[in-house]
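Chain by chain, the residues run as shown.
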Amino acid sequence: MASLLQRVKSKMAIFAHRKARGMLDGEYGSVFRGRSLDFDDLRAYVPGDEVRDIDWKASARHGSPLVKRYVAVRRQTVLLVTDTGRNMAAESRDGEPKKDIAVMALGVAGYLAQRHGDVVGLVCGDGHGTRTIPAKAGEAHLERILREIDSAITLDSGPSRIEAQLEHVARTVKGRFLLFVVADELAAGPDLEQLLRRLRAQHEILWFTVRDADLAGEDSAMRDAFSVADSAALPGHLAASPAITEAYAKAAGERDAGRQAMFRRTGITEGHVTGSSTVMTELFALLERHRRAG
Amino acid sequence: MELMFWWLIPPALLLAAVALWRAFRPDPQANARRRPVANADRLTALPEYQAALRRHRRWLAVAALAAGTLLVSAVAAAARPAELTTVRPEQRNRDIMLCLDSSGSMSSADSAVVEVFGMLAKEFDGERIGLTIFDSSAMQAFPLTDDYEYVQEQLKAAKAAFDGDPGSAGFLDGTWSGRGSSLIGDGLASCVNAFPDSGGAGATTTSETDGTGGAGAATQRSRSVVLATDNYLSGDPIFTLEQAGALAQERGVRVYALNPGDFDYGPGPGQPGARLRATAEASGGAYYPLDTPDAVADIVRRVQSTEAAAMQGAPRTVVSDLPDVPLTVALLSGLVLAGASWRLRP
């Protein structure tokens, strides 16, 4: 098996051709507010750095923008939280397994953190149980995390329940972490909102939603589907009927709006992705949005 | 109700069981052809989808039921349900010659006889009937025929004549041309001669009208004479009663004698009634003394039933197929199945 991290890195390399390589690092670095005030050194400005971090006097002397670097008070901990239940083995909107998208997104986030010098941990699991990998630095550790996720997600895994993982974090984690959560299209609910509110009070949260496959519409008639939750068949030609397609579109819109409203109310930045080809741009947009929100 | 090919049913049941087992066997590969999707409640929770699924399931149930009914009725039809009945076919190839003494003393009995036969003729189907009246000479009113309309018309005219209706006496013309009166032997001989000659078989079969065809058919027709007379002879007949009886016996004609005036003195064999009885019974027929003309109907019916019993064929087993019900059910369920399949098409 080719290294999962290698795949993530090559993806990032392709992305870097289109945007400045450092931009992602800048965006990532801007995620954390409340930085230390211990000045370290100056470095060249890269797009994505906070404008308020520019040392204008030094820039004036130097002729190009310079950014102040601070010594981090302590190393940040990035906690990757994901669902390894069988929901993630299902198809995404673009038709590839959601698992691949999740691994890609978590790999990019973990690699950015690792380059930033942060430690990366993992909380994953399904409805039957939650597993954790303690936060450490290094690419080998990140590779281990990705493999753990990749091997845990199969159609025979337990039922998905991201709330279990979030509760585990709320129960066991002390200190202020950056939570990077990858999950699928959840339905908003008061219990989940309460839990998110509780976590948001302690942590910085980035939420990355992997879009689920469309269940109704013209295309669904091509191939029957089955629900990974209970293996029940969903006859495609029923879902393809115009009345159901219309009702489904309305219901899906309401569901998305409800989830987005919940994240907005709890102060969590959400991004969503339909396929692994758009992971980089969507993640960049998510970090950008988070910076603006902060 | 029996099934001719009942042995078809066990293999059909076996095949159906195998088919059911194959259809309902849990298929572990079923989901391999489908795409896995998560959060299916996005779709399954929609009331529109639930209604469509219920409709779909209902049509599936209808299709399954129709397929089952089609199978069962097709197997039932293939097993060939049939009604097995044993019938004694009543042969309707009788020849009846009414031989009526038209002397004045007999008119009420004659009237009753023609009336009864007029009614019976309505039910005839294949029988032939003829009428000969005699007094001093015999006159054939109409020969053996199965033209029942004509028969009824003639019998009506005869009845009118016997009842003495005005203007109808011409019907009896030609019965007084001989010498004497009530020449019974001659009358009976004329009646017996009125049957087609069975001796020369070739000549008679051509006159067959009953549609049975075949050269030997004429010999198979039963022959009977209904002879109504009081056997009071006055005159010198060419045939005596006994000679005429012998002729009837020779020709295979049964004589059923009706005697409205059985006034024999004692049991002696020379009495007119006794002689008539002897002649009738010698020919294989019967003798019925008649107290009142109203009894004629009963007697004629008895004669009819004796004749019918005598002429019944051997019992035969008749197999009549009854495929209509299973085939109709199969057709209907096939139509329902076609409709349901059309409705269920993806």
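Everything below is about the structure printed above this text.
As the structure is a computational prediction, the values presented were derived from the model and not from experiment.

S.K.: I keep staring at the overall build of chain A and nothing clicks. Help me out?
M.R.: Scanning chain A from N- to C-terminus turns up 10 helices and 10 strands. Within chain A, the proportion of its 294 residues that are buried is 53%.

S.K.: Quick question: what am I supposed to make of the state of the cysteines here?
M.R.: A covalent bond bridging the sulfur atoms of two cysteines is what the word disulfide describes. Residues and elements named next belong to chain B. Per the counting criterion, the structure on display carries 1 disulfide over all chains. One disulfide in the model links Cys99 with Cys191; its S-S distance is 2.0 Å. Disulfide Cys99 to Cys191: torsion about the S-S bond roughly 85 degrees, handedness right-handed. Placement of Cys99 in strand S4 (residues 94–101) and of Cys191 in helix H6 (residues 184–193) is noted, with a sequence separation of 92 residues between them. Here Cys99 and Cys191 have matching classes, each one buried.

S.K.: What's the story with the interface of chain A and chain B in this structure? I'm lost.
M.R.: The accessible area lost on association of the parts is a frequent measure of interface size. Of the residues lining the interface, 33 residues belong to chain A; the matching set on chain B comes to 23 residues. Carbon and sulfur atoms supply 63% of the area buried between chain A and chain B, which totals about 2,500 Å² over both sides. Between chain A and chain B we count 3 salt bridges in total. Its salt-bridge partner being Arg35 of chain B, residue Glu91 of chain A comes within 3.6 Å of it at the nearest N-O pair. Contributing elements (two or more residues each) for the side of chain A that touches chain B: strand S8 (225–227), strand S9 (233–234), helix H8 (236–239) and helix H9 (242–266) of chain A. Broken down by element, the side of chain A that touches chain B gets its largest block of residues, 5 residues, from H9 of chain A. Partitioning the side of chain A that touches chain B into residue classes produces 18 nonpolar, 5 polar and 10 charged. Judged from the 3 bridges that link them, S8 of chain A and strand S2 (residues 35–37) of chain B form a sheet pairing that is parallel.

S.K.: Is there a simple way to think about the layout of surface pockets in this case?
M.R.: In this approach a probe as big as a water molecule rolls over the atoms, and the regions it shows empty are the leftover space. All names here are of chain B. Approximately 480 Å³ is the volume found for the second largest pocket. As for the second largest pocket, its lining consists of 16 residues, of which Ala16, Leu20, Ala67, Gly68 and Leu71 are closest to the centre. Those elements that place two or more of their residues in the lining of the second largest pocket are helix H1 (9–24) and helix H3 (47–78). No other element matches the 9 residues that H1 contributes to the lining of the second largest pocket. Here the lining of the second largest pocket is composed, by residue class, of 15 nonpolar, 1 polar and no charged.

S.K.: Any chance you could explain the side chain of Asp95 of chain B here in plain terms?
M.R.: Residues and elements named next belong to chain B. Along the polypeptide, Asp95 turns up in strand S4. Classification of Asp95 by relative accessible area gives buried; the value is 1%. Residues contacting Asp95, with those up to four places away along its chain left out, are Arg128, Leu144, Phe195, Arg221, Ser222, Arg223 and Ser224.

S.K.: Looking at this model, I keep getting lost on the sheet that holds S9 of chain A. Mind explaining?
M.R.: Within a sheet, each strand pairs with its neighbour through backbone hydrogen bonds, oriented either parallel or antiparallel. Strands sit in the order S9(A)-S8(A)-S2(B) across an open sheet of 3 strands; the sheet is mixed. Here the strands that pair on one side only, and so sit at the sheet edges, are S9 of chain A together with S2 of chain B. Both S8 of chain A and S9 of chain A contribute to a ladder of 2 bridges, which runs antiparallel. Across the sheet, Ala225 of chain A pairs through a bridge with Leu234 of chain A, a residue of S9 of chain A.

S.K.: When you look at the pattern of salt bridges in this model, what are you seeing that I'm missing?
M.R.: Two side chains with opposite charge may pair up if their charged atoms get near one another. Scanning all chains against the criterion turns up 24 salt bridges over all chains. The shortest N-O distance in the salt bridge between Glu143 of chain A and Arg147 of chain A comes to 2.8 Å. Separated by 4 residues within a single helix, Glu143 of chain A and Arg147 of chain A lie in helix H5 (residues 139–152), roughly one turn from each other. The exposure class of Glu143 of chain A is buried, given its relative accessible area of 12%. The salt bridge involving Asp256 of chain A is made with Arg259 of chain A; its shortest N-O contact spans 3.3 Å. Of this pair, Asp256 of chain A and Arg259 of chain A both sit in helix H9, 3 residues apart, roughly one helical turn. Via salt bridges that share partners, Arg93, Glu185, Arg211, Asp214, Asp256, Arg259 and Glu270 of chain A together with Arg42 of chain B belong to a single interconnected network.

S.K.: Help me understand a positive patch on the surface, please; the structure alone is not making it clear to me.
M.R.: Residues and elements named next belong to chain B. On the surface, Arg54, Arg55, Arg58, Arg343 and Arg345 cluster together into a patch of positive charge. Ranked by residues supplied to the positive patch, first place goes to H3 with 3 residues. Summarising the element assignment, Arg58 is placed in helix H3. Take Arg58: its relative accessible area is 52%, and that puts it in the exposed class.

S.K.: Just to check I follow, could you spell out the pairing of strand S7 (residues 222–228) of chain B for this structure?
M.R.: Note on strand geometry: in a regular strand, side chains alternate between the two faces of the sheet. All names here are of chain B. Counted residue by residue, S7 has 7 buried out of 7 residues, so it is predominantly covered. With 7 bridges joining them, S4 and S7 adopt parallel strand pairing. Within S7, the position partnered with Ile96 by the bridge is Ser224. For S7 and strand S8 (residues 253–259), the ladder comprises 6 bridges, and the chain directions are parallel. Note that in S8 the partner of Leu227 across the bridge is Ala257. Handedness of the crossover is the feature at issue here: the chain leaves S7, passes through helix H8 (residues 241–251), returns alongside S8, and the resulting connection is right-handed.

S.K.: Just checking my understanding: could you explain the sheet that holds strand S9 (residues 286–289) of chain B for this structure?
M.R.: All names here are of chain B. If you trace the 6 strands from one edge of the open sheet to the other, you get S6-S5-S4-S7-S8-S9, paired in mixed fashion. Looking at the sheet topology across the chains shown, the edges are occupied by strand S6 (138–145) and S9. The average undirected angle you get between the axes of adjacent strands in this sheet is 15 degrees. The pairing of S8 with S9 spans 4 bridges and is parallel. Across the sheet, Tyr256 pairs through a bridge with Ala286, a residue of S9. Its contacts with the sheet place helix H5 (residues 148–162) against S4, strand S5 (128–134) and S6, and it is angled at close to 155 degrees to S6.

Conventions we followed
- Residues numbered from 1 in each chain as written.
- Chains lettered and ligands numbered in written order.
- Predicted model: local features only at pLDDT ≥ 70, side-chain atom pairs only at ≥ 80, totals over all residues.
- Heavy atoms only, no water.
- Helix = DSSP H or I, 4+ residues; strand = E, 2+ residues; numbered from the N terminus.
- Buried < 20%, exposed > 50% of the residue type's maximum accessible area, 1.4 Å probe, protein only.
- Disulfide = S-S within 2.5 Å.
- Contact = heavy atoms within 4.5 Å.
- Buried area = accessible area lost by both parts, 1.4 Å probe.
- Salt bridge = Lys/Arg side-chain N within 4 Å of Asp/Glu carboxyl O.
- Nonpolar A, V, L, I, M, F, W, Y, C, P; charged D, E, K, R; others polar.
- Pairing = 2+ DSSP bridges.
- 1 Å grid on protein atoms, 1.4 Å probe; cavity = no way out; pocket = protein on both sides within 12 Å on 5 of 7 lines; lining within 4 Å.
- Points joined across faces, edges and corners; volume = space filled by probe spheres on them.
- Patch = residues over 30% accessible without salt bridge, like charges linked within 9 Å, V, L, I, M, F, W, Y side chains within 5 Å.
- Areas by Shrake-Rupley, 256 points an atom, 1.4 Å probe, with all protein chains shown as cover.
- Lys, Arg positive; Asp, Glu negative; His and termini not counted.
- Charge placed at Lys NZ, Arg CZ, Asp CG, Glu CD.
- Right-handed = clockwise from strand over helix to strand, strands pointing away.
- Axes fitted to C-alpha atoms, helices over the stretch in contact; angles between N-to-C directions.

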